Amino acid sequence: MSSATTPIRFGIIGCAEIARKVSRAISLSPNATLLAVGSRSIDKAQKFISDNGLPASTIPLAPYDAVLDHPSVDAVYVPLPTSLHVTWAVAAAKKGKHVLLEKPTALCVEELDVILEACRENRVQFMDSTMWMHHPRTEKMGELISDPTRFGEVKTVDSIFTFMADEDFLQNDIRVKPDLDALGALGDAGWYCIRSILWANSYQLPKTAVALRAPIKNNAGVIIACGAQLLWADGRSATLNCSFLAHLTMQMTVIGTKGALHVTDFIIPYEEEKGSFTFVSDAGFTELVTGWVPVPSKHEVTADLPQEARMVREFSRLVKLIKEEGKEPETKWPEITRKTQLVIDAVKKSVDNGFEPVDIIG
């Protein structure tokens with residue numbers, strides 16, 4: 001097999017539910033293949049392979065170290081609880097494995113910096129698994145809000161991700177356990193909101209974060225619903241709301257001086273093959289103020305692959321450049337991840353400090 005067609009060989013560390021989706025994404029990506037699944041036991045790894053209809057050639061491995069020690073594994077996807085990320089992402093980097101890391105990537109930016117430094121030192125690619133970033137709709141939306149004639153300058157962003165968790169989730173899911181995913185809804189759902197706000201603002205960090213009052217925590221003290229306002233020195237603002245206690249909503253609105261964009265399924269499109277959004281520019285009212293002129297236009301963007309498979313494809317492309325052409329790892333992705341983590345940390349600190357404003361220092 002020529003280097004042009006040799007796929008990047010993945011190992012998965014951990015059999016979390018989200019790993020089912022990413023294992024499918026790896027199989028759909030034309031430049032990737034799933035070589036191994038690692039778990040704490042061989043039986044669990046084999047069950048994951050069987051239950052998800054993965055190729056019989058997929059190797060079950062245990063414990064996690066066995067994936068990192070396998071000489072044919074090029075890259076690892078790590079869907080472990082956030083509290084284990086720094087241990088296993090660093091271990092992977094030190095073994096020369098490229099790291100696709102589930103979000104939230106760390107419990108705090110200090111932990112994330114340890115991960116990123118290990119990746120830099122070992123010249124391995126890092127990317128977090130924020131899948132919607134890779135949908136072609138995201139690129140199209142970005143083109144419109146970057147158009148000074150049709151959109152103008154960004155003034156405010158509103159981002160919401162909520163879902164109504166059942167009682168089993170609220171009692172037993174790792175995202176409500178302080179020893180596993182202590183950031184709770186802020187780290188899980190809030191990650192997407194904060195990433196979308198940064199995306200809309202060309203990844204310029206806000207100056208200040210202020211948590212909204214009355215966040216909801218479970219009996220263990222983990223946030224299960226919260227909100228925040230983000231402020232820039234030039235007057236831009238954004239709000240985010242994330243919750244495990246409200247109906248499924250994935251909404252983002254970006255308002256500029258000349259236009260506005262609205263998308264109601266920005267994290268997971270209603271339909272896998274396409275995504276839509278509305279956009280309006282220079283809107284006003286009809287003569288008797290009975291309607292809008294013009295009305296927002298609907299834009300639909302088709303995808304050649306599901307967004308998670310496009311993520312794997314892009315990650316694998318970058319890995320192949322490093323592996324076969326001696327290129328340096330792409331710095332865009334770790335930089336975006338770090339900015340997202342900085343804002344997560346600031347919102348959490350504001351919650352913990354009685355909703356006082358917290359300065360964000362990059």
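Right, let's walk through the structure included here.

Procedures and definitions
- Residues numbered from 1 in each chain as written.
- Predicted model: local features only at pLDDT ≥ 70, side-chain atom pairs only at ≥ 80, totals over all residues.
- Heavy atoms only, no water.
- Helix = DSSP H or I, 4+ residues; strand = E, 2+ residues; numbered from the N terminus.
- Polar contact = N/O pair within 3.5 Å; in protein donor to acceptor, adjacent residues only side chain to side chain.
- Contact = heavy atoms within 4.5 Å.
- 1 Å grid on protein atoms, 1.4 Å probe; cavity = no way out; pocket = protein on both sides within 12 Å on 5 of 7 lines; lining within 4 Å.
- Points joined across faces, edges and corners; volume = space filled by probe spheres on them.
- Phe/Tyr/Trp six-rings, centres within 6.5 Å; stacked < 30°, edge-to-face > 60°.
- Buried < 20%, exposed > 50% of the residue type's maximum accessible area, 1.4 Å probe, protein only.

Topic: the side chain of Thr58
At step 1: Tracing the backbone shows Thr58 in the loop between helix 2 (42–51) and strand 3 (59–61).
At step 2: Of the polar contacts made by the side chain of Thr58, one reaches the backbone oxygen of Pro55; its length is 2.9 Å.
At step 3: Leaving out residues up to four positions away in the same chain, Thr58 has contacts with Leu34, Leu35, Ala36, Val37 and Ile49.

Some details on the layout of surface pockets
At step 1: When its volume is computed, the largest pocket comes out at roughly 970 Å³.
At step 2: Forming the walls of the largest pocket are 34 residues, and the residues nearest its centre are Ala16, Glu17, Ile18, Ile174 and Arg175.
At step 3: Broken down by secondary-structure element, the contributors of at least two residues to the lining of the largest pocket are helix 1 (17–28), strand 7 (154–164), helix 8 (184–200) and strand 12 (245–256).
At step 4: Top element by residues in the lining of the largest pocket is helix 1. It accounts for 3 residues.

Topic: the packing of aromatic side chains
At step 1: Tallied over the entire structure, the rule returns 10 aromatic pairs.
At step 2: An angle of 45° between the planes, with centres 5.9 Å apart, marks the rings of Phe10 and Phe315 as tilted. Remark: Phe315 occurs in helix 9 (residues 307–325) and Phe10 occurs in strand 1 (residues 8–13); sequence separation between them is 305 residues. Across the pair, Phe315 and Phe10 agree in class, each one buried.
At step 3: With a centroid separation of 5.8 Å and 80° between ring planes, the pair formed by Trp132 and Trp199 is classed as edge-to-face. Here the residue Trp132 occupies a position in the loop between strand 6 (126–128) and helix 6 (136–145), and Trp199 occupies one in helix 8, the gap between them amounting to 67 residues. Of the two residues examined, Trp132 and Trp199, each falls in the buried class.
At step 4: Put simply, the rings of Phe161, Phe163, Phe169, Tyr192 and Phe244 pair up and form one aromatic cluster.

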